Every structure is written in structure tokens, then in C-alpha cells.
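# Examination of the molecular architecture
Listed here are the chains, written in short residue letters.
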Amino acid sequence: MNRVAGSRQKLKIGLKGKITVFLALLLAFVVVLLSMLVLAGIREDQQRRMEQSFSQLASSANLRVREEYLTGERVSPDEFMEHNGQSLAVDLGGQSGMAVTLYSADGVFAGTSLPVQPLTDVKEALAHTSKGQEAYITLGNQVLYLAPLYNADQFLGSVQFHGSLQEQEMFYRHIRSLFIGTGAAVLAVGLLLGYLYVWRQSFILGKLNQAAKDIGEGRYLDKPPVRRRDEIGELAEGIYDMSGSISSYVDELNEEKQKLLTAIKRLQELEQQQKQFIGNISHELKTPLTSILAYSDLLGMYSDDPVLLQNARTQISKEAERLYALIEKALQLSSMDIYDFETHAAHFQVKPLLEEGLSRLRIKAEKQRISLSANLKEDLVWADPDNLMHMVTNLLSNAIKYNRPGGWVRLSNRSETEATGERRVIIEVADSGIGVPEELRNRIFDPFFTVSDDRSRETGGTGLGLALVRSLAEKQHGTVNLVESGPKGSTFVISLPGEPIAIEPQEE
Ligand code: ADP
């Protein structure tokens, strides 16, 4: 991993360096090419100007010599040059402001405006002038220009001007050094600007790289890493969009994961509950069975004792009833977990059902000298009538069981509208009984939980009644709670939907 990162780093530096060097070389090439073209142009221009001025000088010298030749005695051109060469050369030198040397037609020195005869060998150049051509000889900073002199078609000799190239050369050198200086400055500035530009680009690429790393490590972007109106800007937008898609995809995955974890936890809880349920029920079944076995033994041993027989029969029947109640409730509880669909909710009047529940418990209440009262109203409820009857009778039965002699039990109902606008039907069972200690108020809804084992046994309790009531309430979008309890009694409250609820199909 490090190795890959390292090679990427190298690549980055390499790219930066390469682009900078490439830009510098390109710039240098352009500067050198430009200066070469300009300098060559200057040279050409200087040459052209020099040739123009020499040829003007040559034609005015030709005019002067010709005039002299024609106005003088009739002699041959060579004789003319021999006699007049020196004076003409001085004359022409004064006119042109340059050193002038004259040669006769056969190439012999005829005169010069210089103090001494120039020593330069000009034979080859004179061979050209004798053919009517011009010739140049360059000697360091000096240039010699030779041109033929004619009288009509008659070749009179040659004139030689001594020019100096020093001024031109100085101008040329000055321009060249200007080019070198400016070129170097342009190159340095170009290099710097190029480097800064490349550095800026690589800084932006670095930002994109960092954004990609952040996404890889799960830190998603809340804005594009760079904002530009070019291809890099488009790439940054693309990375930002990609980050958004990955983020929502990961969120979805996490949500699914969370659901799975919750389902697994629920399954584990169910498994645990099941194990506990089986353990508890085995224990609870054993107690009445042991009693029954013990009394049936006694029956065999003391069959002639009528008091004992009577007692044994009563106990056996009591324990058998307890066993029956226990098995019935256990079956109901366990079937509810498995057969969820067995609730058949309907929209019906709750008052008759509550009255019926009350009447079922009337005899039991009378036996225990408990007075039953009710405050019932006409109201529509959405529930399974059988299940609701189970819940109400269980709560009424408990209110009677855990009461005091001469106590009372009151059943009432009312309608409440919640903040969401949903109407709920509230059924209240209040008693003047022994109450439930504060810390156990929620635990009494756990299967097999009893506040006092002795009292439960005495009253035939199984610890399953309230667990069943809560299970039934939840299956119908309802709740059941102990809202008040103390030494003066308890109040249990059932809350159920007042209007029909669309039952969603259970997920497998
Ligand atoms: P049981 O079959 O033992 O009555 P329940 O599940 O119906 O089982 O009740 C659990 C425990 O809650 C009971 O053992 C009892 O101690 C307590 N309990 C239930 N109803 C009342 C009540 N109205 N007053 C006081 N205690 C109660």
C-alpha cells in the first residue's frame, strides 16, 4: 500500500518537473528563434543599406571621373588614370567623406585619398570590376567596395571605397545583448509563472485526490472539492455526486444491517423467553402434580378416615383445577406467539361486552364479599371481542383476588382523542385491593411473575394472567398498564383503537 502511495508521489513530482521543464524549453526555443530571426533581419537590412549607399557613391564617382575624362585631353583611359588618378582620388575622398583609391583599367594603382597606398591585395576584386561587376572585401571592421568606372561602354578603371563596419557591428551587438538580456528575463519569469501554474494545478489535483481518499475512508463530501468552470470542475462535481450516491447507498446498507441486527436480537430474546417459559412451566406443573400424588397416596393409606378423605378430595380437585388453568393459559400464551393471525378485529359496541364480563365475575365477587360497580358508556371499539373479553375478565378476576374482604371493584370506560387526532377507547378496572409495590409494577406483566407466591397459590394464581392480557392488547394495537397502585388499591387501564385500523400483512 505504502509502495503504491510512494510511486504515486514520485509520479506527481515527476509530472510537475516535466511540465515545468517542457514549458521552459518551449519558451527558450521561441525566444532563441525570434532573436535569430530578428538579428538575421537586422543583418540583411544593414547589408542592403550599405550596398545602396556604396552604389550611390560609385555612380556619383563614375559621373565625376567621366566628366573629367571627357573635358580633358584625348588620351587612353590608362594614361588618363596615370595622370589624374591621384587628384581625382583626393577629390572623390573629399566628396564622399570616405577613403577612395583608384585603379586604371589594367588594374594598376592610380591614386588614393589616403596618405599611403593601401596594401590590401585586390587583384581578384579588380578581375570582377573589369567584367563590369561590383566586389566587396571584408577585413575585420573594414569593408572595401570596388566598382567599375565607365565612359559609355568604355571601361576607364575601378574605384575603391574604404568603409567602416564598426557602427553597424556595434548596433548589431547592442541588439543582440538586448535580446539575450530580455530573453533571459522572459525565460526566468516564464519558468516562475510556469512553475506556479503547474503548482496550482497539482494543488487542485491534490484536493481531488484527498476527496477520493476521504470517500474511501467513509467521510463523505458536503460540497464539491473545487469549484471551476472547466473539465476539472466537472470532474469535481462528478466526485461530489458519486460521494452522495455512495453515502446514501451506505446509509441504506446500514439501515438494512440495523434491521437485521434488531431481528437477530428479537430472535435471541424469543429463544431465551421460550427456554425460560419451558423451564418455568415444567416447574409450575410439578408443584400441583406433587400435591395430587401425595394426596392420592394418603387416600390409599387412610381409606377409612372420612375427614382425611374429604380433605384429600378437596385438595386434589383444587390442585387439578389449578393445573387445568395453568395449562390453558400456557397454551393460550404460546399459541399467540405462533398464530398471530388468530385475532379477528371488529368495530362493535363495547358497553354490552363490558356488562357481560362484569356479570361473569359477579358470583366470584359475592363469594369474597367484594362489591362490583360500573360506569359504562355506549362506545365503538376496534378489537377482537373474544380477546377483549379475556382481557377484561382477567383484570376483574385479579381485582377480586387481590382485594380485601368488604372491598370494591369498579369498571368504567370513556373515549379519548390523542394529539394525532386518533380516538382511543379507555377501559379502567379499579379496586380497593392490596396494591403492587412500586418497583414491581412493570414486572407483574412478565410471564410467571407473582408478587407473593403464597398469595398466588392460595388464590390459584399462575403468574400468566397479566402476561396474557398484555400480549392480547399488543396484538390489537392496544396497551395495558397499571397506572396507579398503593395500599388503598390499584387501577389498570386498557387503551384500544376507537376506529378501524388497516392491518398490515405480517412479514415472513
Ligand atoms: P396470577 O395468576 O398470579 O394472578 P397475574 O399475571 O394475573 O398472575 O398477576 C401477576 C401478579 O400481579 C399477581 O401474582 C399479583 O401479585 C399481582 N396483581 C395482579 N393484579 C393485581 C391487583 N389488582 N392488585 C394487586 N396485585 C395484583
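What counts and how
- For every chain, the first residue of its written sequence is number 1, and the numbers climb from 1 along that sequence.
- Local features in this predicted model are restricted to residues of pLDDT 70 or higher, and side-chain atom pairs are both shown and tallied only at a pLDDT of 80 or more, whereas totals for entire chains, interfaces and linings draw on every residue.
- Side-chain measures here rest on the full set of heavy atoms in the structure, leaving out hydrogens and waters.
- Only when DSSP finds a minimum of two bridges between them are two strands counted as paired.
- Only DSSP runs of H or I reaching four residues or more are called helices, and only runs of E reaching two or more are called strands; each is numbered from the N terminus.
- Only the contacting stretch of a helix is used when fitting its axis, a line to C-alpha atoms as for every element, and angles between N-to-C directions run 0 to 180 degrees.
- Here, two residues are considered to be in contact whenever any of their heavy atoms come within 4.5 Å of each other.
- Just to be clear on terms, a salt bridge is a Lys or Arg side-chain nitrogen sitting within 4 Å of an Asp or Glu carboxyl oxygen.
- Think of a nonpolar core as a cluster: buried Ala, Val, Leu, Ile, Met, Phe, Trp, Tyr and Cys residues, connected wherever their side-chain atoms sit within 4.5 Å.
- Throughout, exposure labels follow a simple rule: accessible area from a 1.4 Å probe, protein chains only, divided by the maximum for the residue type, with under 20% read as buried, over 50% as exposed, and the rest as partly exposed.
- Domains are outlined according to an automatic or database domain assignment.
- Side-chain rings of Phe, Tyr and Trp, where Trp is taken by its six-membered ring, are said to pair if the distance between their centres is within 6.5 Å; with planes under 30 degrees apart they count as stacked, over 60 as edge-to-face, and otherwise as tilted.
- A positively charged side chain is recorded as over a ring if its NZ (Lys) or CZ (Arg) lies within 6 Å of the ring centre. The angle to the ring normal must also be within 35 degrees.
- UniProt positions are given in the numbering used here, feature names are shortened, and annotations may be inferred rather than shown by experiment.
- If a single non-hydrogen atom of a residue is within 4 Å of a molecule or strand, that residue counts as near it.
- Any pair of nitrogen or oxygen atoms within 3.5 Å is treated as a polar contact; in protein, a donor-acceptor pairing is required on top of that, and neighbouring residues in sequence qualify only through side-chain atoms on both sides.
- For this scheme, ten residues count as nonpolar: Ala, Val, Leu, Ile, Met, Phe, Trp, Tyr, Cys and Pro. Four count as charged, namely Asp, Glu, Lys and Arg, and the remainder, Gly too, count as polar.

### So, the sheet that holds strand S12 (residues 489-497)
Read from one edge to the other, the open sheet built from five strands follows the order S7-S9-S10-S12-S11, with strand pairing classed as mixed. Pairing within the sheet leaves two strands with one partner each, and these edge strands are strand S7 (371-375) and strand S11 (479-486). When strand polarity is set aside, the average angle formed by the axes of neighbouring strands in this sheet is 15°. For S7 and strand S9 (residues 408-417), the ladder comprises five bridges, and the chain directions are parallel. Note on S9: the bridge partner recorded for Ala-374 is Leu-411. Strand contacts of helix H10 (residues 465-475): S11 and S12, with the helix running at about 135° to S11, the strand carrying the most contacts.

### Some thoughts on the pattern of salt bridges
Evaluated as defined, the whole model comprises 18 salt bridges. In this structure, Arg-64 engages Asp-91 in a salt bridge whose closest nitrogen and oxygen atoms are separated by 2.5 Å. Placement of the pair is Arg-64 in helix H1 (residues 2-71) and Asp-91 in helix H2 (residues 77-96), with a sequence separation of 27 residues. A single salt-bridge network, built from bridges that share partners, covers Arg-64, Glu-67, Glu-68 and Asp-91.

### Here's the deal with the nonpolar core
In globular proteins that are soluble, nonpolar side chains generally tend to be buried together. Ranked by size, the top nonpolar core spans 48 residues in total, and within it Leu-388 and Leu-411 carry the most contacts. With eight residues, the single largest contributor to this core is helix H8 (residues 385-401). Each of two domains, domain 2 (228-339) and domain 3 (344-508), supplies a minimum of three residues to this core. Excluding residues within four positions of it along the chain, Leu-388 makes contact with Phe-348, Val-350, Leu-353, Val-381, Ile-427 and Leu-496.

### Observations concerning the packing of aromatic side chains
By convention here, two paired aromatic rings are described through the distance between centres and the angle between planes. Applying the stated criterion across every chain yields a total of nine aromatic pairs. On the numbers, 4.7 Å between centres and 15° between planes, the contact of Phe-54 with Tyr-145 is stacked. Here Phe-54, found in helix H1, pairs with Tyr-145, found in strand S4 (residues 142-151); they are 91 residues apart in sequence, far enough to count as distant. Side by side, Phe-54 and Tyr-145 carry an identical accessibility label, which is buried. With a centroid separation of 5.1 Å and an interplanar angle of 45°, the aromatic rings of Tyr-136 and Tyr-145 are classed as tilted. Classification of Tyr-145 by relative accessible area gives buried; the value is 0%. The cationic tip of Arg-43 hangs over the ring face of Tyr-172; the distance from NZ or CZ to the ring centre is 3.8 Å.

### Focus: the UniProt feature "domain: HAMP" (unreviewed entry) in the chain
Sequence positions flagged by UniProt for "domain: HAMP" (unreviewed entry) are, in local numbering, residues 199-251. Secondary structure content for residues 199-251 is 74% helix and 0% strand, and the end C-alpha separation is 37 Å.

### As for the site of the ligand
The environment of the ligand is made up of 20 residues, and the closest members are Asn-398, Tyr-402, Asp-431, Thr-462 and Leu-466. Within the side chain of Lys-401, one N or O atom sits 3.0 Å away from an oxygen atom of the ligand. The separation between an oxygen atom of the ligand and a polar main-chain atom of Val-451 is 3.2 Å. Elements that contribute at least two residues to the shell around the ligand include exactly H8, H10 and S12. The element that contributes the greatest number of residues to the shell around the ligand is H8, accounting for three residues. For the shell around the ligand, the residue count by class is nine nonpolar, nine polar and two charged.

### Some points on the UniProt feature "transmembrane region" (unreviewed entry) in the chain
When the UniProt feature table is mapped onto this chain, "transmembrane region" (unreviewed entry) is found at residues 20-42 and 178-199. With 100% helix and 0% strand, residues 20-42 has its two end C-alpha atoms placed 33 Å apart. When the span residues 178-199 is considered, its composition is 100% helix and 0% strand, and the gap between its end C-alpha atoms is 31 Å.

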